[in-house]
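Here is how the chains run, residue by residue.
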2 protein chains.
Amino acid sequence: MSYSKEEELEGLLVENSKNDWYNILSLRYEMRLIVRRLVLNIAMSLDGFIARKDGSYDWIEGHGTDKYDTVLQFDNQKFFNNCDTVVMGRKSLEDCPLEMIEGYQEKQFIVASHTEQTDYGNVRFVRDIIGEIMELRSREGGDIWLFGGASLVQDCLEAGGIDHLIIGIIPTILGDGIPLFASLLEEKKLLLVESTVTDGIAMLRYDIRR
Amino acid sequence: MSYSKEEELEGLLVENSKNDWYNILSLRYEMRLIVRRLVLNIAMSLDGFIARKDGSYDWIEGHGTDKYDTVLQFDNQKFFNNCDTVVMGRKSLEDCPLEMIEGYQEKQFIVASHTEQTDYGNVRFVRDIIGEIMELRSREGGDIWLFGGASLVQDCLEAGGIDHLIIGIIPTILGDGIPLFASLLEEKKLLLVESTVTDGIAMLRYDIRR
C-alpha cells in the first residue's frame with residue numbers, strides 16, 4: 001500500500017498537530033497550504049524600541065535631509081495596495097486610530113483580544129490570533145500586514161508565522177521604551193532582500209531563511 | 001570689559017565642569033578641543049544582541065549570497081587604517097584575542113578595568129575609561145575604535161562620548177543574548193550618512209546629530 005505525497009504530508013500534519021506551530025508551518029509550506037504572506041512592517045529605533053514607555057511615537061521621523069537617500073526607494077504604496085488584511089493587538093488599535101491607515105475602508109482588520117469585544121464595520125476581534133493567522137494564510141488573498149504591537153509580534157515570531165519583515169530603522173537611539181523583539185526560544189535566520197534609505201530611515205526587508 | 005570667544009567658552013567649561021559630560025562635550029566641540037573621533041564599530045543581530053549569553057558569536061555571519069550587495073561597499077580596510085587606538089572592556093579583551101584584530105601591532109589598546117592590572121606591550125589598563133577617552137579625543141591622532149562590550153558602550157553613549165557609529169546588522173533574530181544598547185537617560189538623535197549591504201549584513205553608519 002502506498003500513499004501520495006499529499007497523503008503522506010497530511011498524515012505528518014495530523015501527527016504533528018500537537019507539536020509546536022513551527023513544525024506544522026514547515027509542513028504546510030511543503031504542502032503549499034500557505035498561500036499568503038504575513039508581513040511585519042514596523043518602525044523601530046536603532047536600539048529596538050517601537051514606542052516610548054507611555055506608548056508615544058512622535059520620535060518616529062527621519063533625520064531631516066534626503067541627501068543620503070538611495071536611488072531605489074521602498075514602495076510603501078505598493079505594500080499598502082498588496083495588503084487586504086491587517087492584524088494587530090488591541091492596544092495598537094487603541095493607540096493608532098484606523099483612520100491613520102491609508103485605505104483602511106477597503107481592508108479587513110483582525111484584532112487580537114483576550115476579552116470579549118463586539119465586532120464593528122471591518123473590525124473583527126479574535127482570541128486565538130495565531131490560529132486565525134494560520135487559517136488566513138491558507139486562504140487565497142493579498143498579503144496580511146502584521147501591524148504590532150510587541151507581544152503579538154513575539155507570538156507570531158515564536159509560532160514561525162512571519163513570512164516577511166519590513167523594518168524601518170529610525171535614526172534615533174531612544175534609550176528606553178517598548179521593545180519590538182522579546183526573547184525567543186529559537187534563532188531565526190533571515191535573508192536581506194532589500195535595503196533602502198529614505199530621510200535617514202533605513203528600510204530593511206527580510207525573508208525568513210527556511 | 002570684554003572676553004574673547006575662547007575666554008568665554010573656557011569660562012563656561014570651568015563653570016560646567018561639575019555638570020554632566022554632555023555639556024562639557026558640547027563646549028569642547030565648540031572650542032574645537034575634540035580633534036579625534038570615538039567610533040563604535042560593532043555587529044549586532046536584528047534584535048540588538050552582540051553575543052549569546054555565553055559570549056559566543058559564531059552566528060555573526062552573512063546570509064550566504066552576494067546577490068543583494070550594494071555597489072558601494074563599506075571600506076573596512078580604511079576604517080582599520082584610520083584607527084590608531086582601540087578602546088575595549090576587559091571582558092572583550094578576554095573574549096577576543098588581539099591577534100584577531102588586523103594590524104594590532106601598530107595600534108594602542110586601552111582596556112577598561114575596575115581592578116589593578118599590569119600593562120604589557122601595547123596594552124594599557126585604565127580605571128577611569130571615560131576620563132581617558134576625553135583626554136585621548138583632545139589630542140592629535142587617528143580615530144579611536146570603541147570595540148565593546150556592552151557596558152562600556154553604554155557608559156560612552158551616556159557620557160556623550162561617541163562621535164560615529166558603524167553598526168553591522170546581522171541577518172539573524174538571535175532571540176536572546178547580550179544586548180548592545182542598555183537604557184539611556186537621554187535620546188540620541190542620529191544622522192545616517194551611509195548604508196551598504198555585504199552578504200546580507202546591513203552596514204549603517206551614523207553621526208550624532210548635535
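In what follows, the accompanying structure is described. In this text, all values refer to a predicted model and were calculated from it rather than measured experimentally. The written sequence of each chain sets the order in which its residues are numbered from 1. Here chains are named by letter from A upward and ligands by number from 1 upward, in the order in which they appear as written. Reporting of local features is limited, given that this is a predicted model, to residues whose pLDDT is at least 70; pairs of side-chain atoms are given and counted only at 80 or more, and all residues count toward the totals for whole chains, interfaces and linings. Computation of side-chain values covers all heavy atoms of the structure but excludes hydrogens and water.

Thoughts on the pairing of strand E4 (residues 108–112) of chain B
Residues and elements named next belong to chain B.
Alright, step 1. Classification of residues uses two cut-offs on accessible area relative to the type maximum, computed with a 1.4 Å probe and protein chains only: under 20% is buried, over 50% is exposed, and between them is partly exposed. The secondary structure listing takes helices from DSSP runs of H or I that are at least 4 residues long and strands from runs of E that are at least 2 residues long, numbered from the N terminus. Judged by how many residues are buried, E4 sits mostly within the fold: four of five residues are covered.
Alright, step 2. In the sheet, strand E3 (residues 83–89) pairs with E4 via five bridges, with the strands oriented parallel. Residue pairing for E4: Val 87 is matched across the bridge by Ile 110.
Alright, step 3. Orient the strands so they point away from the viewer; a crossover is then right-handed if the path from the first strand over the helix to the second runs clockwise. Crossover handedness for the path E3 to helix H4 (residues 90–95) to E4: right-handed.
Alright, step 4. Two strands pair under a simple rule: DSSP has to find at least two bridges between them. Strand direction decides the pairing type here: E4 and strand E5 (residues 123–126), joined by four bridges, are parallel. Within E5, the residue paired with Ala 112 across the bridge is Val 126.

Overview of helix H6 (residues 150–158) of chain A
Residues and elements named next belong to chain A.
Alright, step 1. Among the residues making up H6, those that are buried are Ala 150, Leu 152, Val 153, Cys 156 and Leu 157. Along the axis of H6, the buried positions cluster into a sector of 165 degrees, meaning they face one direction only.
Alright, step 2. Trailing H6 by a residue or two, Gly 160 shows a phi angle of about 70 degrees, which is positive. For this quantity, the arc is that covered by the directions from the helix axis to the C-beta atoms.

Remarks on the relation of the copies chain A and chain B
Both copies of the chain are related by a screw-like operation: a rotation about an axis and a shift along it.
Alright, step 1. To line up the copies, we fit them by least squares on C-alpha atoms, keeping just the residues with pLDDT of at least 70 in both. Take chain A, turn it by 180 degrees, move it 0.0 Å along the axis, and it overlays chain B with an RMSD of 0.0 Å. Here the two chains are linked by the operation of a two-fold rotation axis. Of every C-alpha in chain A, the one belonging to Gly 48 of chain A sits nearest the axis of rotation, 3.3 Å from it.
Alright, step 2. Residue by residue, 100% of the interface of chain A is reproduced at the interface of chain B, so both copies engage with the same surface. We call two residues in contact when some of their heavy atoms are within 4.5 Å.

What to know about the pairing of strand E1 (residues 38–45) of chain B
Residues and elements named next belong to chain B.
Alright, step 1. For E1, the buried fraction is high: seven of the eight residues fall into the buried class.
Alright, step 2. Direction of pairing for E1 relative to strand E6 (residues 143–148): parallel, over a ladder of three bridges. When the bridges of E6 are listed, Leu 40 appears paired with Leu 146.
Alright, step 3. Here E1 runs beside strand E7 (residues 164–170); their pairing, made up of seven bridges, is parallel. Within E7, the position partnered with Leu 40 by the bridge is Leu 165.

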